[in-house]
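Secondary and tertiary structure notes
Spelled out from the first residue to the last, the chains are:
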Amino acid sequence: MAGPFPDVVSLTQQLVAFDTVNPPGNEAEAMGFCADLLESAGFTCVLQPTLGAGRANLVATRGVGSGQAIAFSGHLDTVPLGTATWSDPPLGGIVRDGRLYGRGASDMKGGVAAFLQACFDPFTPPGGIAVLLTSGEETGCEGARELGAAGGLPPVGALIVAESTDNELVLGHKGVLWLSVRFNGVSAHGAMPELGVNAIGLASAFLQRLKQQDLGQGHVVMGQPTCNVGTIQGGANINSVADFCELTLDLRTNPNVQHDALLAQIRTLAEEIAGEGGEKTAGDGAVVVPLLDLPPVWTAPENVWVGQVATVVQAHAEHAFKPSSVNYFTDASVLTAPLGNPPTIILGPGNPECVHKTNEWISLDRLHQCEKIMKHLVRGWTGGVTQ
């Protein structure tokens, strides 16, 4: 094995220094940097061009061939910096008072740095190690989609997604169904509204009735499915009857909710509302279009490997194990199926309360804890798990 490799803090700083704000992303240079490090650690690396110029995914493996690998998932794109002024340069990786500041420090370059440390360890477990680094996660797991669709992924027995959990073991996350709902009315003069059909009125009636909808069965850990109205816009001018109104819905689901059935339910409601506008709105009075459809991720707390992870986490991060989930989505929504649905956990050093915020930071203590956890998980891997 080549070396020496950067320590976890230095590596996080180096990753933060890459400008991978998405859009546009430009993750390819950072991916190449990670590939060079992993190749020096004995990994076979494949850089996959994706999503246009300057962008790439990375698949890196070592010791894969017999049995099932332990796999790590991470993304290198970050959200935009925002309009507020940062206290420190957002790509500077400044260390102060036990924290490292910078865009992506928590989400999720610190997590990537922590599991790369486990890869720099010369120990290779039965079944090997796989690293899956993606572009475009922040805009809907676009890179992960292309990675899964390309095929040829290694056999994986367990997947660790190093998103921000403050080193707490998390067993899954809600699914997401984003919908555009457009109502088409009939324009008329604002002084004679009876001659038209007001699409804003249709949308208003839809939203009122949407509140009364049963969105599906709850989950013992994830709770009830939820719905948020994200945007709404309609009408052309104040003195005309609005002939269109479009709104977007952010539905978060659990494993008990089928997205096809939920989509059909929303579509039926919208069409019923449009039908109440009379014959003028018949046909295309309501149009419902999915914008993003990602399934939930969940691993049962009784899983044998989960118990082993919980023991390691409690030893190094002092988190007593309690089955939990998060509401944000991860690349696991897209990757678990092409990987054969291995047990999947979310575990990373980032602070979930500061991701996407101005002056984003990560705790140095959490970084060092996570490095130890990841190394122990690799060294404890046996090449397969009991489902």
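The coordinates are above.
Residues numbered from 1 in each chain as written. Predicted model: local features only at pLDDT ≥ 70, side-chain atom pairs only at ≥ 80, totals over all residues. Heavy atoms only, no water.

Right, let's get into empty space enclosed by the protein. For the coordinates displayed, the defined rule picks out one cavity of 30 Å³ or more. Here the largest cavity is characterised by a volume of approximately 40 Å³. Around the largest cavity sit Glu168, Leu169, Ala310, Val313, His319, Ala320, Phe321 and Lys322, which together line it. A per-class count over the lining of the largest cavity returns five nonpolar, one polar and two charged. (1 Å grid on protein atoms, 1.4 Å probe; cavity = no way out; pocket = protein on both sides within 12 Å on 5 of 7 lines; lining within 4 Å. Points joined across faces, edges and corners; volume = space filled by probe spheres on them. Nonpolar A, V, L, I, M, F, W, Y, C, P; charged D, E, K, R; others polar.)

What the three strands build is an open sheet, ordered β4-β5-β15; its pairing is antiparallel. Lying at the two open borders of the sheet, with one neighbouring strand each, are β4 (94-96) and β15 (361-363). Strand-to-strand, the axes of this sheet are offset by a mean angle of 25 degrees, without reference to chain direction. Examined bridge by bridge, β4 and strand β5 (residues 99-101) share three bridges and lie antiparallel to one another. Counted as the bridge partner of Ile94 is Tyr101 from β5. Helix α3 (residues 105-120) rests against β5 and β15 of the sheet, and its axis sits at about 45 degrees to β15. Helix α9 (residues 364-379) contacts β4, β5 and β15 of the sheet and is inclined by roughly 60 degrees relative to β15. (Pairing = 2+ DSSP bridges. Helix = DSSP H or I, 4+ residues; strand = E, 2+ residues; numbered from the N terminus. Axes fitted to C-alpha atoms, helices over the stretch in contact; angles between N-to-C directions. Contact = heavy atoms within 4.5 Å.)

Here is a general trend for soluble globular proteins: nonpolar side chains tend to be buried in one another's company. With 59 residues, the main nonpolar core has Leu38, Phe43, Phe115, Leu133, Ile160 and Ile345 as its most contacted residues. In terms of residue count, α3 provides more of this core than any other element does, ten residues in total. Grouped together as the second largest cluster of nonpolar side chains are 26 residues, Cys245, Val257, Leu263 and Ala270 included. (Core = buried A, V, L, I, M, F, W, Y, C linked by side-chain atoms within 4.5 Å. Buried < 20%, exposed > 50% of the residue type's maximum accessible area, 1.4 Å probe, protein only.)

On to the layout of surface pockets, then. Rolled over the atoms, a probe sized like a water molecule indicates the empty space that remains. A volume near 240 Å³ is recorded for the largest pocket. Residue lining of the largest pocket: His75, Asp107, Glu137, Glu138, Glu163, Ser164, Arg252, Tyr328, Phe329, Val355 and His356, and that is the complete set. In terms of residue class, the lining of the largest pocket is built from three nonpolar, three polar and five charged.

Let us now look at the side chain of Glu27. Residue placement: Glu27 occurs in the loop between α1 (8-17) and α2 (28-40). With relative accessibility at 0%, the residue Glu27 sits in the buried group. Looking at Glu27, its side chain comes within polar contact range of the side chain of Arg55, at 2.8 Å. At 3.2 Å, the side chain of Glu27 forms a polar contact with the backbone nitrogen of Gly136. (Polar contact = N/O pair within 3.5 Å; in protein donor to acceptor, adjacent residues only side chain to side chain.)

With that settled, the discussion passes to the packing of aromatic side chains. Throughout the structure, instances matching the rule amount to six aromatic pairs. Taking the centre distance of 6.3 Å and the plane angle of 85 degrees together, the rings of Trp305 and Trp381 count as edge-to-face. Of this pair, Trp305 sits in helix α7 (residues 304-317) while Trp381 sits in the segment after α9, and the two are 76 residues apart along the sequence. The buried category is assigned to Trp381, whose relative accessible area is 3%. (Phe/Tyr/Trp six-rings, centres within 6.5 Å; stacked < 30°, edge-to-face > 60°.)

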